[in-house]
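Coordinate analysis (summary)
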Amino acid sequence: MRLEPRYRAALYAAFAILTVTGAVWLVADWRKDPMEPDLWQEIAPRMLMLHGGAAMICLLLLGALVPMHVRRAWRTGRNRLTGPIMVAVNAVLIVTAFGLYYAGSETLRPWASDVHIAVGIALPLSLLVHVWLGRRTR
């Protein structure tokens, strides 16, 4: 199920921005020293702001993806393995992001963060495999 070129470009751009901002935030968070003001201290909150904004755009694009792509592909029997994996990966990222943003629990927050980071790192490879298999079976 090939996506319309402008929509596909917007979706890939949103995923790319999420990947880059998430990776830069991760490095900045690891490198920052709370005892000293430095470049990493300034970068980390900016990356989170950009990451959150890109996530909101991605939510809109993913919502449009369900009737345009997911349902049609499922009905035709295409990408029956990687399609549900992509849905699950994105669902986990959405749920853990919600937990990170809204949950005040000190028990839940580290767990949600670790899961969000691990699944977020896996997302680009999952997307590449999904697209590659989909193009291969066309």
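Scroll up for the structure.
Heads up: these notes are all about the structure in this document. (Residues numbered from 1 in each chain as written. Predicted model: local features only at pLDDT ≥ 70, side-chain atom pairs only at ≥ 80, totals over all residues. Heavy atoms only, no water.)

**Considerations on the nonpolar core**
Soluble, globular proteins show a tendency: their nonpolar side chains are buried together. If you look at the biggest cluster of nonpolar residues, it comprises 17 residues, and the most contacted ones within it are Tyr 7, Leu 11, Phe 15, Cys 58, Leu 65 and Leu 123. Those elements that provide at least two residues to this core are helix 1 (5–31), helix 2 (39–76), helix 3 (82–102) and helix 4 (108–136). For Cys 58, the residues in contact, after removing those within four places along its chain, are Ala 14, Phe 15 and Leu 18. Counting six residues, the second-largest nonpolar core is a separate cluster that includes Trp 25, Leu 26, Ile 43 and Met 47. (Core = buried A, V, L, I, M, F, W, Y, C linked by side-chain atoms within 4.5 Å. Buried < 20%, exposed > 50% of the residue type's maximum accessible area, 1.4 Å probe, protein only. Helix = DSSP H or I, 4+ residues; strand = E, 2+ residues; numbered from the N terminus. Contact = heavy atoms within 4.5 Å.)

**Section: unusual backbone geometry**
Positive phi, normally seen in glycine, also occurs at Asn 79, with a value near 50 degrees. In this fold, Asn 79 is placed in the loop between helix 2 and helix 3.

**Some details on a nonpolar patch on the surface**
Judged by side-chain polarity, Val 66, Val 70 and Val 87 come together as a nonpolar surface patch covering roughly 200 Å² of accessible area. Examined against the element boundaries, Val 87 turns out to sit in helix 3. Look at Val 87 and you get partly exposed, because its relative accessible area is 46%. (Patch = residues over 30% accessible without salt bridge, like charges linked within 9 Å, V, L, I, M, F, W, Y side chains within 5 Å. Areas by Shrake-Rupley, 256 points an atom, 1.4 Å probe, with all protein chains shown as cover. Salt bridge = Lys/Arg side-chain N within 4 Å of Asp/Glu carboxyl O.)

**Concerning the packing of helix 1 against helix 2**
In contact at an axis separation of 8 Å, helix 1 and helix 2 are set at 150 degrees when each is read in the N-to-C sense. By the criterion of interaxial angle, the relationship of helix 1 to helix 2 is roughly antiparallel. Crossing of helix 1 over helix 2 shows left-handed handedness. Among the residues making up the contact of helix 1 with helix 2, the classes are represented as 25 nonpolar, three polar and one charged. (Axes fitted to C-alpha atoms, helices over the stretch in contact; angles between N-to-C directions. Parallel < 35°, antiparallel > 145°, perpendicular 65-115°, else oblique. Left-handed = near helix turned anticlockwise from the far one by under 90°. Nonpolar A, V, L, I, M, F, W, Y, C, P; charged D, E, K, R; others polar.)

The values reported here are purely geometric and, on their own, carry no functional implication.
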